[in-house]
Amino acid sequence: MTQLEQRTAAETRVHQPGETTVRVGPVSGRVRWRQVTVVVGAAVAVVLLGAASLGRGDFPIGLTDVLRTLVGLGEDTQEFIVLELRAPRIVVGALVGLALGVAGALFQTFARNPLASPDVLGITQGASAGAVAAIVLGGTAGGSGLLGGLGVPLAALLGALVTGLLLLVLAWRSGIDGYRMVLVGIALWAVAAAVTDWLLTRAEIYDAATAYVWITGSLNARTWGEAVPLLVALAVLLPAALATSRALGVVQFGDDTARGLGVRLVPTQAVVVLVAVALTAAAVAAAGPIAYVALVVPQVAIRLTGGARPPLLASGLVGAALVVGADLLTRTVLPQALPVGVLTAAVGAPYLLWLLVRGRRRSTL
Amino acid sequence: MTVNTATTTLPRAGTVRLAAESVSLAYDDRVVVRDLDLQLTDGSFTAIVGPNGCGKSTLLRALGRLLRPVGGQVLLDGHAIQRTPTRDVARVLGLLPQTPVAPEGLTVGDLVARGRHPHQSWLRQWSRDDEAAVAEALTWTDMADLADRPVDELSGGQRQRAWISMALAQGTDLLLLDEPTTYLDLSHQIDVLELVARLHAERGRTVVVVLHDLNLAARYAQRLVAMDDGRLVASGAPEEVLTEQLLADVFDLEARVVPDPVAGTPMVVPVRRLR
């Protein structure tokens, strides 16, 4: 009798409220409506913020005109402003936020540590070192300070990838320990920061100014030339990231438990870190190191969805909304147009401090 | 209460499920276990005992495919475990590490559901079998009412039950547990071991458990395996293994061994440490 009562109790508990079981043929899964709501909500927010952003600026354009232009019915001037000046900027912003959000969620889940993000692990700093090297060493002779359109992004991409590979190699000891990865990452960050500073002290003043703008992270003057490669990179990397999601949920339990549950740990670890590094590199190459997005966003997403780990897709979309929103803010509300990285750093740095002070029980550094 | 049926010393009664064949284990260059042979038969309940650092947890890790032997091999159902895909191993053999860590905020229900991981795929993430196994594991371990509580808010004893529930949901014939009673008070130690004994008796699980407490090991396990300095020094029914001589040799302990007044199994009463 009691056995029977308990059984029904267990079954109702397995069916948690706000969750629907879907079974069609061999396909089955659980839909958690709160996660779906966050994903849809964040996607809607990206679209709305993007639309608002398209209309705002030195030449304000009404929403209806923005929409007319998007479907090809606008005037030539409006079309140029919306499609050539503002749209790439917003698309780059959204894609960068998406890439950084997913990268942060991958790192944090993998390392079981909310501090693990490309900012703290030195990858964005590595990108900065690469970009500053290109600006300072490449351009002084002609006085332009820039290697040209492709030079700096490629150098940043290279810097991020090299730092990421170093991280993987140095943290590797028959698998990666998350704690070790954070320590190695901090050391790499320090090295890359030193290289950046050394280059800046050598730089001509004009180059230094260009470099400073770049390492703050900015969406100014982005073109489709930056948006398209980023879109291609995401088309490959996002599915790869989502494919690791199931294994990541178990990897979170620690190496022994994960292997006990049948996860091939070493290949999973290698794929997760490589995808996260590549996502970061692609984002940083397009817009510079927009600070702390990858650190903050997964933790925001985890609180919105109420789960036990940063959800990948929701983190990406929240990241996109954050960057597009921050860019809109810097261009409209603030008295002077700041690079978007200044705003994200202003929010992210206190958050990092709070994270360190709060001292989480299991995830402490 | 588990009755010790004093089965055969040599485990030839049943089929051998898990075996170590002259296994040597090392961390980097430090050899921890040397040339060890051990056979575990279907439906047996074995406790591995020994002093700190004798290599018992290391042996358990090798039996569970967490550690690759530097010599010899581990056989699961007659096949070399290192050459068996992780996922196939995970459908037959479940293991509970010494201090498993659950991510902050994870509910008991979600933890237990993760036990189904080796049975799931990208398309099949929550089959009827998964749901039934999780519901049953929660009920059987008496955790159903705590299913939506975060694991980190549970007491030590409840937490260990949740992990055992996960191992049960995994639905493996074999279960390896590394010191499941660590950090628990005595009544919760009994609680956990009763649960493990029921898994063995009622669910027919083949259980291997590393235990520190000799009296509890003798009471619950059918067979004790005593290790010292990386070697297997005695194996058999508790009354054959737990002798005053063995306690002196292996544990440097002068002790009396008397029958446990409740279960009749051997009980160690320490006298003093030998030098």
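Just above, that's the structure.
Residues numbered from 1 in each chain as written. Chains lettered and ligands numbered in written order. Predicted model: local features only at pLDDT ≥ 70, side-chain atom pairs only at ≥ 80, totals over all residues. Heavy atoms only, no water.

**Brief notes about the pattern of salt bridges**
Point 1. Taken as a whole, this structure holds 20 salt bridges over all chains when the rule is applied.
Point 2. Salt-bridge contacts for Arg 331 of chain A lead to Asp 327 of chain A; the nearest nitrogen and oxygen are separated by 3.6 Å. Linking Arg 331 of chain A with Asp 327 of chain A, this pair stays in helix H14 (residues 312-332), spanning four residues, or about one helical turn.
Point 3. Between Asp 130 of chain B and Arg 116 of chain B there is a salt bridge, with the nearest N and O atoms lying 2.9 Å from each other. Placement of Asp 130 of chain B in helix H4 (residues 128-140) and of Arg 116 of chain B in the loop between helix H3 (108-114) and H4 is noted, with a sequence separation of 14 residues between them. In this structure, Asp 130 of chain B and Arg 116 of chain B share a single accessibility class: buried.
Point 4. Among the charged side chains, a salt-bridge network with shared partners connects Glu 19, Arg 30 and Arg 32 of chain A together with Asp 110 of chain B. (Salt bridge = Lys/Arg side-chain N within 4 Å of Asp/Glu carboxyl O. Helix = DSSP H or I, 4+ residues; strand = E, 2+ residues; numbered from the N terminus. Buried < 20%, exposed > 50% of the residue type's maximum accessible area, 1.4 Å probe, protein only.)

**Focus: the nonpolar core**
In a soluble, globular protein the nonpolar side chains are often hidden away together inside.
Point 1. Within the largest apolar cluster, 149 residues are counted, with the highest numbers of intra-cluster contacts made by Val 96, Leu 106, Phe 107, Met 181, Leu 279 and Ile 290 of chain A.
Point 2. Looking at this core, the element that brings in the most residues is helix H4 (residues 76-111) of chain A, giving 18 residues.
Point 3. Excluding residues that lie within four positions of it along the chain, Phe 107 of chain A makes contacts with Ala 116, Ser 117, Pro 118, Leu 121, Ile 123, Leu 167, Met 181, Val 273, Ala 276, Val 277 and Thr 280 of chain A.
Point 4. Val 32, Leu 40, Leu 95 and Met 227 of chain B belong to the second largest nonpolar core, which has 29 residues in total. (Core = buried A, V, L, I, M, F, W, Y, C linked by side-chain atoms within 4.5 Å. Contact = heavy atoms within 4.5 Å.)

**Here's the deal with the packing of aromatic side chains**
Point 1. Counting across every chain of the model gives one aromatic pair over all chains.
Point 2. Here Phe 253 of chain A and Trp 163 of chain B contribute two aromatic rings whose centre-to-centre distance is 5.6 Å and whose plane-to-plane angle is 75°, an arrangement assigned as edge-to-face. Of this pair, Phe 253 of chain A sits in the loop between helix H10 (245-251) and helix H11 (255-260) while Trp 163 of chain B sits in helix H5 (residues 156-170), which puts the two residues in different chains. Judged on exposure class, the residue Phe 253 of chain A and its partner Trp 163 of chain B are both buried.
Point 3. Sitting above the plane of the Trp 140 of chain B ring, Arg 198 of chain B keeps its charged end 4.1 Å from the centroid. (Phe/Tyr/Trp six-rings, centres within 6.5 Å; stacked < 30°, edge-to-face > 60°. Lys NZ or Arg CZ within 6 Å of the ring centre and 35° of its normal.)

**Some remarks on the interface of chain A and chain B**
Point 1. On the side of chain B, 49 residues touch chain A, which itself brings 39 residues to the contact.
Point 2. Viewed at the interface, chain B and chain A are joined by three salt bridges.
Point 3. Summed over the shared surface of chain A and chain B, the result is 15 residue pairs in polar contact (both at pLDDT 80 or more).
Point 4. Those elements giving two or more residues to the side of chain A that touches chain B turn out to be helix H1 (2-14), strand S1 (19-24), strand S2 (27-32), helix H9 (224-243), H10 and H11 of chain A.
Point 5. Residue contributions to the side of chain A that touches chain B peak at eight residues, all from H1 of chain A.
Point 6. Of the residues assigned to the side of chain A that touches chain B, the class counts are 13 nonpolar, 13 polar and 13 charged. (Polar contact = N/O pair within 3.5 Å; in protein donor to acceptor, adjacent residues only side chain to side chain. Nonpolar A, V, L, I, M, F, W, Y, C, P; charged D, E, K, R; others polar.)

**Description of the sheet that holds strand S1 (residues 16-27) of chain B**
Residue and element names in this part refer to chain B.
Point 1. Strand order in the open sheet made by the four strands is S2-S1-S4-S5, with antiparallel pairing throughout. Two strands close off the open sheet at either side, each with one partner strand: strand S2 (30-41) and strand S5 (79-80).
Point 2. Relative to strand S4 (residues 71-76), S1 runs antiparallel, the two being bridged by five bridges. Along S4, the bridge assignment pairs Ser 24 with Gly 71.
Point 3. Here helix H1 (residues 56-63) sits on the sheet and contacts S1, S2 and S4; the angle it forms with S1, its principal contact strand, is near 120°. (Pairing = 2+ DSSP bridges. Axes fitted to C-alpha atoms, helices over the stretch in contact; angles between N-to-C directions.)

**Some remarks on the sheet that holds strand S3 (residues 45-49) of chain B**
Residues and elements named next belong to chain B.
Point 1. Spatial strand order, S6-S7-S8-S3-S9-S10: six strands in an open sheet with mixed pairing. Pairing within the sheet leaves two strands with one partner each, and these edge strands are strand S6 (93-96) and strand S10 (231-236). The average angle at which neighbouring strand axes cross in this sheet is 15°, direction not considered.
Point 2. Two strands pair when backbone bridges link them, and S6 and strand S7 (residues 174-178) are joined in this way by four bridges, in the parallel orientation. If you follow Gly 94 over to S7, its bridge partner there is Leu 175.
Point 3. Against the sheet, helix H6 (residues 186-203) touches S3, S7 and strand S8 (206-210), its axis set at about 140° to S3.
Point 4. Here helix H9 (residues 244-251) sits on the sheet in contact with strand S9 (223-228) and S10, set at roughly 35° to S9.

That's the geometry; what it means functionally is another story.
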